[in-house]
Amino acid sequence: MNGTPDERRPELILHFDNNKPRKLKYNLAKARRAGATRLLTFGGAYSNHIRAVAAAGRAEGFKTIGVIRGEPHEPLNESLAFAKSQGMHLMYVDRETYRTKKSNNMRRFLESCFGDFYLIPEGGSNPAAVKGCAELPQEIAEPFDVICCPVGTGGTLAGIAAGLGPGQRAIGFATLKGGFLTKEVAELQRQAYQRVFDNWHIEDDFHFGGYAKVPPELDAFAAKFGEEQGFEVDRIYVAKMLYGITDMIEAGKFEPGTRIVAVITTG
Ligand SMILES: *Cc1c(COP(=O)(O)O)cnc(C)c1O
């Protein structure tokens, strides 16, 4: 390598890849094999996962039920209006009840309402989702050293890291505060592969106050980045990752010449 110092700066490669269909792929296959006709899942009112389940259910011939956190608001926001347009049945539960979504009582209650269903957890993160995301790295044509993604529930990072080749590593940027996501990602890998990979870590310093918090500094960064690159930068997930990567490059946290892929998870 005899590039000038400038050419040996870390290189940022944007890779547009919607993670939600990947997370659903093997879940739908499992649901079909189990003979399920209904998919049931959970999400907030702005959940991309709810939208994705509604669309996939419609495309693949499943009925879909979305259990939504909070009160109904008319008119529906764009996400829920879309979900409904795809035929999803929306059921609203208050925040306190929503917190019991993983309990047996909740499951029994939902079965008493809807009959049998194939359950997909909030955000879609389970072992089947992790295996779907593990297919992402090998579809990237350019060679790279580091791959970055935003982290919400952790399934995407758990899978991406599991799908890497030797010498490659993954960095997840937490979009929620609280520092609990490393544990979640490790647990998802344990469930999917019976082991935790050591080629990834989570950066917890770029959540900007927590989920869906978008202070002016982040908004301005996202607006500028989007203008320069010619796409609309999602503020909830993608902007926090891109801000984090940019900050780390400027702070010299990557070796010169490192090829960094940023997965733009909105596709
Ligand atoms: C859901 C989502 C994520 C987070 O994925 P997890 O697997 O839940 O960590 C990241 N980016 C976008 C755009 C999303 O919709």
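Keep in mind it's a predicted model, so treat the numbers as computed, not measured. (Residues numbered from 1 in each chain as written. Predicted model: local features only at pLDDT ≥ 70, side-chain atom pairs only at ≥ 80, totals over all residues. Heavy atoms only, no water.)

Topic: the pattern of salt bridges
Applicable threshold: Salt bridges are identified by distance alone: a Lys or Arg side-chain nitrogen within 4 Å of an Asp or Glu carboxyl oxygen. Starting at the N terminus, helices and strands are each numbered in turn, a helix being any DSSP run of H or I of at least four residues and a strand any DSSP run of E of at least two. For the exposure calls, accessible area comes from a 1.4 Å probe over protein chains only, and a residue counts as buried if that area is under 20% of its type's maximum, exposed if over 50%, partly exposed in between.
Scanning the entire structure with this criterion turns up 13 salt bridges. Across the salt bridge formed by E122 and R69, the nearest N and O atoms sit 3.8 Å from each other. With E122 in the loop between β5 (118-120) and α6 (127-133) and R69 in strand β3 (residues 63-69), this residue pair connects regions lying 53 residues apart in the sequence. Owing to a relative accessible area of 28%, R69 belongs among the partly exposed residues under this scheme. Its salt-bridge partner being E111, residue R107 comes within 3.1 Å of it at the nearest N-O pair. Linking R107 with E111, this pair stays in helix α5 (residues 104-114), spanning four residues, or about one helical turn. Overall, R107 belongs to the partly exposed group, its relative accessible area being 32%.

Topic: the sheet that holds β5
Short version of the rule: Between any two strands, at least two bridges found by DSSP are needed for them to pair. All axes here are fitted lines through C-alpha atoms, helices being fitted over the stretch that makes contact, and every angle between N-to-C directions spans 0 to 180 degrees. By the convention used here, residues are in contact when the closest approach between their heavy atoms is within 4.5 Å.
Across the sheet, which stays open at both edges, the four strands sit in the order β4-β3-β2-β5 with parallel pairing between neighbours. Where the open sheet ends on each side, the last strands, each with one partner, are β4 (89-93) and β5. Taking the axes of each pair of neighbouring strands and ignoring which way they run, one obtains an average angle of 20° across the sheet. Examined bridge by bridge, strand β2 (residues 38-43) and β5 share three bridges and lie parallel to one another. Looking at the pairing, L40 lines up with L119 of β5. Contacting β2 and β5, helix α1 (residues 19-33) crosses the sheet at an angle of about 165° to β5. Seen against the sheet, helix α2 (residues 48-60) touches β2, β3 and β5 and runs at an angle of roughly 170° to β2.

Things to note about the packing of aromatic side chains
Formally: Between the rings of Phe, Tyr and Trp (Trp by its six-membered ring), a pair exists once the centres lie within 6.5 Å; its type follows the angle of the planes, with under 30 degrees stacked, over 60 edge-to-face, and the other angles tilted. For a Lys NZ or an Arg CZ to count as sitting over a ring, it must be within 6 Å of the ring centre and within 35 degrees of the ring normal.
For the coordinates displayed, the defined rule picks out ten aromatic pairs. On the basis of an interplanar angle of 50° and a centroid distance of 5.9 Å, the ring pair of F173 and F206 is categorised as tilted. One end of the pair, F173, is in strand β7 (residues 169-174); the other, F206, is in the loop between β8 (200-203) and α9 (216-229), and 33 residues separate them in sequence. You can call F173 buried: its relative accessible area is 0%. Among the residues examined, F206 registers a relative accessible area of 7% and is labelled buried. Between F208 and Y243, the aromatic rings sit 4.9 Å apart at their centres with planes inclined by 85°, giving edge-to-face as the arrangement. Residue F208 is located in the loop between β8 and α9, and its partner Y243 is located in helix α10 (residues 238-250); the two are separated by 35 residues in the primary sequence. A single burial state applies to F208 and to Y243, both of which are buried. Taken together, the aromatic side chains of F16, F173, F206, F208, F221, F225, F231 and Y243 make up a single cluster linked through ring pairs. Note that R51 overlies the ring of F82, its terminal NZ or CZ placed 4.7 Å from the centroid.

Some points on the packing of α9 against α10
The line we're drawing: Put simply, angles under 35 degrees are roughly parallel, angles over 145 are roughly antiparallel, angles from 65 to 115 are roughly perpendicular, and the rest are oblique. Three classes are used, and their members are as follows: Ala, Val, Leu, Ile, Met, Phe, Trp, Tyr, Cys and Pro are nonpolar, Asp, Glu, Lys and Arg are charged, and the others, Gly among them, are polar.
Contact geometry for α9 and α10: axes closest at 10 Å, N-to-C directions at 85°. The orientation of α9 with respect to α10, classified from their angle, is roughly perpendicular. Contacts from E217, L218, F221, A222 and F225 of α9 reach α10 at A239, K240, L242, Y243 and T246. For the contact of α9 with α10, a count of residues per class yields seven nonpolar, one polar and two charged.

Side note on the site of the ligand
Formally: Summary of the distance rule: residues count as near a molecule or strand when at least one heavy atom falls within 4 Å of that molecule or strand. Each polar contact in these results corresponds to two N or O atoms within 3.5 Å; when the atoms are within protein, one needs to be able to donate a hydrogen and the other to accept it, and residues that are neighboring in sequence are counted only if both atoms are side-chain atoms. The protein chains shown are the only cover counted for residues, whose accessible areas, like all others here, come from Shrake-Rupley with a 1.4 Å probe.
Inspection of the region around the ligand gives 14 residues, with K20, K23, T153, T156 and T265 positioned closest. At 2.5 Å, a side-chain N or O of T153 approaches an oxygen atom of the ligand. When isolated, the ligand has an accessible area of 380 Å², and the protein chains bury 97% of it. Contributions of two or more residues to the shell around the ligand are made by α1 and α7 (155-162). The biggest single contributor to the shell around the ligand is α1, with three residues. Counted by class, the shell around the ligand contains two nonpolar, ten polar and two charged residues.

Remarks on the nonpolar core
Stated formally: For this analysis, a nonpolar core means a set of buried residues of the types Ala, Val, Leu, Ile, Met, Phe, Trp, Tyr and Cys, connected via side-chain atoms within 4.5 Å.
Within the largest apolar cluster, 26 residues are counted, with the highest numbers of intra-cluster contacts made by I147, L157, A170, W200 and I202. Of all the secondary-structure elements, those providing two or more residues to this core are β6 (146-151), α7, β7, α8 (181-193), β8 and β9 (259-264). Setting aside its immediate chain neighbours within four residues, L157 contacts C149, V151, A170, I171, G172, V185, W200, H201 and I202. In terms of nonpolar packing, the next biggest core, distinct from the first, is built from 24 residues, F173, F208, F225 and L242 among them.

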